Amino acid sequence: MFKVAVLISGGGTNLQSVIDKVQSGYLNCKIEIVISDSEKAYGIERARQNKIDALAFSKKQYGDKLSDEILKIVEARDVDLIVTAGFLSILKGDLLKKYKNRIINIHPSLIPAFCGKGMYGLNVHRAAIEYGVKVSGCTVHFVDEGTDTGPIIIQKAVQVFSTDVAEELQKRVLEQEHVALPEAIKLISEGKIIVDLRRVIVKN
Ligand code: GRF
């Protein structure tokens with residue numbers, strides 16, 4: 001069974017979309033573990049409600065060692081794919097090397113727009129509205145040494161209306177995130193993704 005570890009920091013609505021898609025049979029995967037860098041993340045409760053193992057690490061306690069701790073866990077559990085979903089810590093070191101092209105992230109914009117340092121949560125949508133873009137959306141990409149810089153797997157676009165406030169755009173984008181992330185996990189779990197340098201090719 002294809003095993004997935006989901007990393008969270010907050011509410012976990014993307015985690016919930018993956019849980020729902022596993023339970024519906026759309027995803028032939030097992031969520032092996034949920035790991036949070038905040039003990040207060042509601043996503044931990046979502047995991048518990050669905051009898052999924054969950055672990056919370058305090059950033060204060062683990063700091064730079066967080067990625068090493070995560071590596072120990074995912075290797076011990078033979079995790080095939082790591083999914084960062086609303087996860088705010090930066091992954092680094094051996095974890096990125098040993099899990100090259102096996103870590104994916106969901107970002108709430110059409111990368112390379114509105115991404116990188118400081119671009120998370122509502123900041124992303126505020127920047128899109130202030131810039132005056134007519135479309136925004138979400139991106140699922142592989143995680144590499146940079147911030148939001150890895151090869152792009154899936155993008156879904158939404159319209160931006162001149163009357164939008166950040167919260168309205170966030171809601172519209174989040175709906176697409178909940179489609180794009182499970183779709184990307186499905187393609188990867190079915191071996192349909194080829195990474196050719198920066199380009200990701202989906203096999204028919
Ligand atoms: C989402 O917009 C996601 O794109 C970003 O974090 C936000 C919260 O996600 N990375 P969730 O509701 O905790 O899954």
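About the criteria used
- Residues numbered from 1 in each chain as written.
- Predicted model: local features only at pLDDT ≥ 70, side-chain atom pairs only at ≥ 80, totals over all residues.
- Heavy atoms only, no water.
- Pairing = 2+ DSSP bridges.
- Helix = DSSP H or I, 4+ residues; strand = E, 2+ residues; numbered from the N terminus.
- Axes fitted to C-alpha atoms, helices over the stretch in contact; angles between N-to-C directions.
- 1 Å grid on protein atoms, 1.4 Å probe; cavity = no way out; pocket = protein on both sides within 12 Å on 5 of 7 lines; lining within 4 Å.
- Points joined across faces, edges and corners; volume = space filled by probe spheres on them.
- Nonpolar A, V, L, I, M, F, W, Y, C, P; charged D, E, K, R; others polar.
- Near = heavy atom within 4 Å.
- Polar contact = N/O pair within 3.5 Å; in protein donor to acceptor, adjacent residues only side chain to side chain.
- Sits in = over half its atoms within 2 Å of the grid points.
- Domains from an automatic or database assignment.
- Buried < 20%, exposed > 50% of the residue type's maximum accessible area, 1.4 Å probe, protein only.
- Right-handed = clockwise from strand over helix to strand, strands pointing away.
- Phe/Tyr/Trp six-rings, centres within 6.5 Å; stacked < 30°, edge-to-face > 60°.
- Lys NZ or Arg CZ within 6 Å of the ring centre and 35° of its normal.
- Contact = heavy atoms within 4.5 Å.
- Buried area = accessible area lost by both parts, 1.4 Å probe.
- Core = buried A, V, L, I, M, F, W, Y, C linked by side-chain atoms within 4.5 Å.

### A closer look at the sheet that holds strand β6 (residues 135-142)
Part 1: Taken together, seven strands build an open sheet; the order of strands is β3-β2-β1-β4-β5-β6-β7 and the sheet is mixed. Of all strands in the sheet, those bounded by a partner on one side alone are β3 (54-56) and β7 (152-159). In this sheet, neighbouring strand axes are inclined to one another by 20° on average, regardless of whether the strands run parallel or antiparallel.
Part 2: The pairing of strand β4 (residues 81-84) with strand β5 (residues 103-107) spans three bridges and is parallel. In the strand pairing of β5, I82 is matched with I103.

### Some details on the layout of surface pockets
If you roll a probe as big as a water molecule over the atoms, it shows you where there is empty space left.
Part 1: Here the largest pocket is characterised by a volume of approximately 860 Å³.
Part 2: Along the walls of the largest pocket sit 36 residues, with G86, F87, L88, N105 and Y120 positioned nearest its centre.
Part 3: Secondary structure elements with two or more residues in the lining of the largest pocket: α1 (13-23), β5, β6 and α7 (166-189).
Part 4: By residue class, the composition of the lining of the largest pocket is 12 nonpolar, 20 polar and four charged.

### Thoughts on the site of the ligand
Part 1: In the region of the ligand, the neighbouring residues are G11, G12, T13, N14, G86, I106, P108, L174 and E177.
Part 2: Backbone polar atom of G12 to an oxygen atom of the ligand: 2.9 Å apart, as the coordinates give it.
Part 3: Interatomic distance of 2.6 Å between a side-chain N/O atom of E177 and an oxygen atom of the ligand.
Part 4: Placement of the ligand is best described as lying within the largest pocket.
Part 5: Taken together, the residues of the shell around the ligand break down into three nonpolar, five polar and one charged.
Part 6: If you count residues domain by domain, the shell around the ligand takes at least three from each of domain 1 (1-99) and domain 2 (105-204).

### Examining the pairing of strand β1 (residues 2-8)
Part 1: By the criterion of burial, β1 is predominantly enclosed, with six of the seven residues buried.
Part 2: The pairing of β1 with strand β2 (residues 29-36) spans seven bridges and is parallel. Pairing of V4 across the sheet is with I31, part of β2.
Part 3: Following the backbone out of β1, through α1 and into the adjacent parallel β2, one traces a crossover that is right-handed.
Part 4: In this structure, β1 lies alongside β4, joined through four bridges in parallel fashion. Across the sheet, A5 pairs through a bridge with I82, a residue of β4.

### Side note on the packing of aromatic side chains
Part 1: Inspection of every chain in the model, using the stated rule, returns two aromatic pairs.
Part 2: R102 extends its terminal NZ or CZ atom over the ring of Y99, reaching a point 4.0 Å from the ring centre.

### Here we look at the domain arrangement of the protein
Often the size quoted for an interface is simply the accessible area lost on bringing the parts together.
Part 1: Considered domain by domain, the protein is made up of domain 1 (1-99) and domain 2 (105-204).
Part 2: Just the C-alpha atoms count here: the centres of domain 1 and domain 2 sit 19 Å apart.
Part 3: Of the residues lining the interface, 17 residues belong to domain 1; the matching set on domain 2 comes to 17 residues.
Part 4: Together domain 1 and domain 2 conceal approximately 1,500 Å² of surface at their shared face, both sides included; 70% is due to carbon and sulfur atoms.

### Some remarks on the nonpolar core
If you look at soluble globular proteins, the nonpolar side chains tend to sit buried side by side.
Part 1: Ranked by size, the top nonpolar core spans 43 residues in total, and within it I104, I153 and I185 carry the most contacts.
Part 2: Split by domain, the residues of this core number at least three in each of domain 1 (1-99) and domain 2 (105-204).
Part 3: With sequence-adjacent residues up to four places away left out, I153 is seen in contact with I104, V140, H141, F142, A184, I188, I193 and V200.

### As for α1
Part 1: Among the residues making up α1, those that are buried are N14, L15, Q16, S17, V18 and I19.
Part 2: Residues of α1 that are buried in the fold lie against β1, β2, α2 (42-49), β5 and α7.
Part 3: Just beyond α1, the residue with positive phi is G25, at close to 90°.

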